[in-house]
Amino acid sequence: MSAGGQTAVQHRFGPYGGQFVPETLMPALAELEQAWVAAREDPAYRAELDGLLRDFGGRPTPLYRARRLSERAGRPVYLKREDLNHTGSHKLNNALGQALLAKRMGKGRIIAETGAGQHGVATATVCALLDLECVIYMGTEDTRRQHPNVQRMELLGASVRPVDAGARTLKEATSAAIRDWVTNVENTHYVIGSVVGPAPYPALVRDLQRVIGDEARAQILEREGRLPARVIACVGGGSNAMGIFAAFIPDGEVELIGVEAAGEGIDTPRHGAPLTVGGRPGILHGSRSAVMQDEEGQIIQAHSISAGLDYPGAGPEHAHLRDSGRARYVAVTDAQALDAFRLVARLEGIIPALETSHALAWALAEPEGELDLICLSGRGDKDLAEVLAEGDS
Amino acid sequence: MSATQVSGIERLADAFHTTGKRAALMPYLMGGFPTLEESVRIGEACVRAGADVIELGMPYSDPLADGPVIHAAATTALAAGANVAGVLEVARALADSVPVVLMCYANMVFAPGVDAFVERLARTGACGLIVPDLPDGEAPEVREACERHGLALVPLVAPTTTPERLASIGAGARGFLYTVSVVGTTGERVSLPEAFAEVVARAKACTSAPVALGFGIATPEQARQAADAGADGVIVGTRLVRAAEEGDDPAAAVGALVGELAASLAPTDRGSAS
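What counts, and at which threshold
- Residues numbered from 1 in each chain as written.
- Chains lettered and ligands numbered in written order.
- Predicted model: local features only at pLDDT ≥ 70, side-chain atom pairs only at ≥ 80, totals over all residues.
- Heavy atoms only, no water.
- Helix = DSSP H or I, 4+ residues; strand = E, 2+ residues; numbered from the N terminus.
- Rg over C-alpha atoms; globule rule 2.2 N^0.38 Å.
- Buried < 20%, exposed > 50% of the residue type's maximum accessible area, 1.4 Å probe, protein only.
- Contact = heavy atoms within 4.5 Å.
- Buried area = accessible area lost by both parts, 1.4 Å probe.
- Salt bridge = Lys/Arg side-chain N within 4 Å of Asp/Glu carboxyl O.
- Polar contact = N/O pair within 3.5 Å; in protein donor to acceptor, adjacent residues only side chain to side chain.
- Nonpolar A, V, L, I, M, F, W, Y, C, P; charged D, E, K, R; others polar.
- 1 Å grid on protein atoms, 1.4 Å probe; cavity = no way out; pocket = protein on both sides within 12 Å on 5 of 7 lines; lining within 4 Å.
- Points joined across faces, edges and corners; volume = space filled by probe spheres on them.
- Core = buried A, V, L, I, M, F, W, Y, C linked by side-chain atoms within 4.5 Å.
- Phe/Tyr/Trp six-rings, centres within 6.5 Å; stacked < 30°, edge-to-face > 60°.
- Expected span 1.5 Å × (residues − 1).
- Pairing = 2+ DSSP bridges.
- Axes fitted to C-alpha atoms, helices over the stretch in contact; angles between N-to-C directions.
- pLDDT = per-residue confidence, 0-100.
- Disulfide = S-S within 2.5 Å.
- Right-handed = clockwise from strand over helix to strand, strands pointing away.

## Remarks on the overall build of chain A
Alright, step 1. Counting its regular elements, chain A contains 16 helices and 14 strands.
Alright, step 2. Here the C-alpha atoms of chain A give a radius of gyration of 19 Å, agreeing with the 21 Å that 2.2 N^0.38 yields for 393 residues.
Alright, step 3. Seen through its principal axes, chain A has C-alpha atoms that stretch 55 × 45 × 45 Å.
Alright, step 4. By the burial criterion, 64% of the 393 residues in chain A qualify as buried.

Right under this line is the structure:
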């Protein structure tokens, strides 16, 4: 598969990426890479995936010129409506692609991690569709704050395993999923939910999510006759951002903005903004990237009101895009995200996910601009209890 | 490393030849668990009870290769204030009486810079380094630093490792080849898998380094079976960490178990395996 250090699937993004996993998993990563290289060239796989994305998932998703947001911003603001995917977020794009891949590899058991529950619901959904056994790991803090999604996953036939270690959020859920994979690797495929993890996952998940950017680029050209000045997306691990950015990377005039969680503020330790804050790279969940860590290399717990952004790492390609200057990373606090959540609901009749609300908050606070494209990565029904518990609405 | 000193690699190699047992007994202990002082006492008790090599765990926030018992011990150790300096002091305290190999996750090796970390480890008198999330392809920088400072970078192989990988990992092994006995994380298992002898045979065929078997070995009977299967070393971790957690006197509890394990590896007239 490799010759002269070249791999068929990208393993490294500048100094980032790699495969920092126990030896037990190495053959499974090679097998996955081979399966992906074969599948992506196989018209039968593409046809099945595209057919399901269309008929089951509801693609292409609309590109909507947000009327009142545009009025308020004083410039056109377009929303790529990934919230209108079946299951309510962009996560379905990746889950479908990987579950079909698992079938090709003959793996009948699927595991996944989830923070907000959107990836867990998407994975549980495709497992029901494709008749695969499904186990979802979720931190107990997240099973509490995203309870409707737990019920949804169970209804879909998945087994939800609560993870009670550490901060009981996405990082621990991911670690638990990796440990399950180490133990059951022979019959299990790990559907990682973001552009994180050991190679080939960051490139694989990006490629499965780039349908967002490919569609949006064609749609905005058709509508406006020009490219957007800015593409804006929230970043936890960074899969919706990587998916929409991927199509615009060659368009040097388009600014790419990734919005992380500033939590209680990036000048406090309670945030989830490793790309924005910068610092020494680290290794988390199998790859080298931007990581929140102390000086000895212990991983620091992240904080965000949004479970999907409550993660101390980010995808390695994002770290590389930051260093190369191709993309810029900023952060938005819990309070700003909550305000945007409420505002967009009233202005547009769209209840965005708290994750997505970070991207919306950044755009709304930005006085300048010509033509914004925001990835509306998911819908916020799951967040109602959490937002209402914050009171003051 | 001065020219007159025996390198960690050599000292570790010698340890496998001078055990007086059918296989070297290699207890694992978590540095700083339950406290730094107590983990030194546990290590000393292991040596008195017949340990030939000590595998010392550096507590880490996200130990992906470890099961719940060792993960929990790491969390406790960190909460009790264990840090790199403290755990390296544990290594230093034990290194005069037994070869010590540090098990440490990759991020902690890279955090201060690989060379700085390895040099600091070498200065404690430790013999080697095991990085459970550093597969062959990511290892060159750490391996070179270990060579520079006379330490053995001990690689791992698993039952899932392909023959091609086995050959290249086995050829590069220093100190010993850490052979994972089961597909899974660290932890006690009810019984050893059927393919146990095959795992050892596969490992021995690919390397000239001693083959040490670990993950899932808890009882004297299992240790004996490992020696029967031809292992040059037997690593016992989770069972001992659990004893340290449960006992009123952790060092005595661990020492007693290590004594039983040592007895199970004594040369006997049973069979011809030794």
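Next, the rest of the story.
## Quick look at the interface of chain A and chain B
Alright, step 1. Listed by partner, the interface residues are 32 residues for chain A and 35 residues for chain B.
Alright, step 2. Note on chain A versus chain B: buried area summed over both sides is about 2700 Å², and carbon and sulfur give 52% of it.
Alright, step 3. Summed over the three residues of chain A that lose the most area to chain B, namely E23(A), R179(A) and E296(A), the buried surface amounts to 26% of that side.
Alright, step 4. The interface formed by chain A and chain B includes three salt bridges.
Alright, step 5. For R165(B), the salt bridge goes to E23(A), with nearest N and O atoms at 2.8 Å.
Alright, step 6. Between the two partners, chain A and chain B, sit 16 residue pairs in polar contact (both at pLDDT 80 or more).
Alright, step 7. Going through the elements one at a time, α1 (26-40), α8 (170-184) and β11 (282-284) of chain A are the ones with two or more residues in the side of chain A that touches chain B.
Alright, step 8. Of the residues forming the side of chain A that touches chain B, the biggest block, seven residues, is contributed by α8(A).
Alright, step 9. By residue class, the composition of the side of chain A that touches chain B is 12 nonpolar, 10 polar and 10 charged.

## A short note on empty space enclosed by the protein
Alright, step 1. Across all of its chains, the model carries 11 cavities of 30 Å³ or more by this definition.
Alright, step 2. What lines the largest cavity is a set of 31 residues, among which H90(A), K91(A), L170(A), G237(A) and G308(A) lie closest to the centre.
Alright, step 3. Put simply, the parts of the chain that give the lining of the largest cavity at least two residues each are β5 (109-114), α5 (118-130), α8, α11 (239-246) and α15 (354-365) of chain A.
Alright, step 4. Class assignment for the residues of the lining of the largest cavity results in eight nonpolar, 19 polar and four charged.
Alright, step 5. Empty space within the second largest cavity amounts to approximately 170 Å³.
Alright, step 6. Lining the second largest cavity are 14 residues, and of these L134(B), P135(B), D136(B), P155(B) and L156(B) lie nearest its centre.
Alright, step 7. Counting only elements with at least two residues in the lining of the second largest cavity, the list comes to β5 (152-154) and α8 (163-172) of chain B.
Alright, step 8. Of the residues that constitute the lining of the second largest cavity, the class distribution is 10 nonpolar, one polar and three charged.

## Re the nonpolar core
Alright, step 1. Within the largest apolar cluster, 202 residues are counted, with the highest numbers of intra-cluster contacts made by I244(A), F245(A), L102(B), L129(B), F176(B) and Y178(B).
Alright, step 2. Leave out the neighbours within four places in its chain, and F176(B) touches L12(B), F16(B), M26(B), V101(B), I130(B), V154(B), P155(B), A209(B), P210(B), A212(B) and I235(B).
Alright, step 3. A66(A), L309(A), V344(A) and A359(A) belong to the second largest nonpolar core, which has 24 residues in total.

## Points about the packing of aromatic side chains
Alright, step 1. Within this structure, the stated rule accounts for nine aromatic pairs over all chains.
Alright, step 2. Following the ring pairs from residue to residue traces out a cluster consisting of F16(B), F176(B), Y178(B) and F215(B).

## So, α5(A)
Residues and elements named next belong to chain A.
Alright, step 1. Along its 13 residues, α5 runs 18 Å from first to last C-alpha, staying within 8% of the 18 Å computed at 1.5 Å per residue.
Alright, step 2. With respect to burial, α5 is a largely interior element, 11 of its 13 residues being buried.
Alright, step 3. Taken together, the buried positions of α5 are occupied by Q118, H119, G120, V121, A122, T123, A124, T125, V126, C127 and L130.
Alright, step 4. Looking at the packing, one finds that the buried side of α5 touches α4 (91-104), β5, β6 (133-139) and α7 (147-155).
Alright, step 5. Downstream of α5 by a residue or two, D131 has a phi angle that is positive, lying close to 60 degrees.

## Description of the pattern of salt bridges
All names here are of chain A.
Alright, step 1. Counted under the stated rule, the structure contains 47 salt bridges over all chains.
Alright, step 2. With its nearest N and O atoms 2.8 Å apart, the salt bridge here joins R81 to D83.
Alright, step 3. Classification of R81 as buried rests on a relative accessible area of 13%.
Alright, step 4. With a closest N to O distance of 3.0 Å, D207 and R206 form a salt bridge.
Alright, step 5. Given the relative accessible area of 23%, D207 is considered partly exposed.

## A word on the sheet that holds β6(A)
In a beta sheet, neighbouring strands pair by backbone hydrogen bonds and run either parallel or antiparallel.
Residue and element names in this part refer to chain A.
Alright, step 1. Read across the sheet, four strands follow the order β7-β6-β5-β8 without closing on themselves; strand pairing throughout is parallel. Since the sheet does not close on itself, it has two edges, and those belong to β7 (159-163) and β8 (188-190), each with one partner. In this sheet, neighbouring strand axes are inclined to one another by 25 degrees on average, regardless of whether the strands run parallel or antiparallel.
Alright, step 2. Sheet analysis places β5 next to β8, joined by three bridges and oriented parallel.

## Considerations on the sheet that holds strand β10 (residues 255-263) of chain A
Residue and element names in this part refer to chain A.
Alright, step 1. A sheet is described by the order of its strands in space; here six strands give the open sequence β3-β4-β14-β9-β10-β13, paired in mixed fashion. Sheet topology places β3 (63-65) and β13 (327-333) at the edges, where each strand pairs with a single neighbour. In this sheet, adjacent strand axes meet at a mean angle of 25 degrees when their direction is disregarded.
Alright, step 2. Pairing of strand β9 (residues 230-234) with β10, which is carried by five bridges, proceeds in the parallel orientation. Following the sheet pairing, A233 is matched in β10 by G258.

## A closer look at the confidence of the model for chain B
Residues shown with low pLDDT carry predicted positions that ought not to be read at fine detail.
Alright, step 1. On average, residues of chain B score 93 in pLDDT, and 94% of them are at 70 or above.
Alright, step 2. The ipTM, which scores confidence in the relative placement of chains, is 0.95 for this predicted complex, and the corresponding pTM is 0.95.

## Here we look at helix α10 (residues 211-224) of chain A
Every α-helical turn comprises 3.6 residues, leaving residues that sit three or four positions apart pointing alike.
All names here are of chain A.
Alright, step 1. Compared with an ideal rise of 1.5 Å per residue, which puts 14 residues at 20 Å, α10 spans 20 Å between its outermost C-alpha atoms and is within 8% of the ideal.
Alright, step 2. Those residues of α10 that sit buried are V211, I212, G213, E215, A216, Q219 and I220.
Alright, step 3. Buried positions along α10 lie against β3, β4 (77-81), α4, α9 (201-209), α11 and β14 (372-376).
Alright, step 4. Of the residues trailing α10, G225 is marked for its positive phi of about 70 degrees.

## So, the environment of F110(B)
Alright, step 1. Its location among the elements puts F110(B) in helix α5 (residues 106-110).
Alright, step 2. Looking at F110(B), the relative accessible area reads 16%, which means it is buried.
Alright, step 3. Sequence separation between F110(B) and L240(B) is 130 residues; the distance between their C-alpha atoms is 29 Å.
Alright, step 4. Among residues more than four places away in sequence, those in contact with F110(B) are F20(A), I283(A), R288(A), L134(B), E141(B) and V142(B).

## A word on the state of the cysteines
Defined simply, a disulfide is a covalent bond joining two cysteines at their sulfur atoms.
Residue and element names in this part refer to chain B.
Alright, step 1. In this structure the tally under the stated criterion is zero disulfides over all chains.
Alright, step 2. Of all cysteine sulfurs in the structure, the one in C127 sits closest to C46, which takes part in no disulfide; the separation is 16 Å.
Alright, step 3. A relative accessible area of 1% means that C46 is categorised as buried.
Alright, step 4. No disulfide involves C127; its sulfur sits 12 Å from the nearest other cysteine sulfur, which is in C146.

## Considerations on the pairing of strand β1 (residues 24-30) of chain B
Residue and element names in this part refer to chain B.
Alright, step 1. Most of β1 sits out of view: seven of its seven residues are buried.
Alright, step 2. The alternating pattern of β1 places A24, M26, Y28 and M30 on one face and L25, P27 and L29 on the opposite face, and all of these are buried.
Alright, step 3. By the bridge criterion, four bridges tie β1 to strand β9 (residues 233-236) in an arrangement that is parallel. In the sheet register, L25 faces β9, and the bridge partner there is V234.
Alright, step 4. As paired elements, β1 and strand β2 (residues 54-57) share three bridges and run parallel to each other. Across the sheet, the residue bridging to L29 is L56, located in β2.
Alright, step 5. Regarding topology, helix α2 (residues 36-48) serves as the crossover connection from β1 to the parallel β2, and that connection is right-handed.

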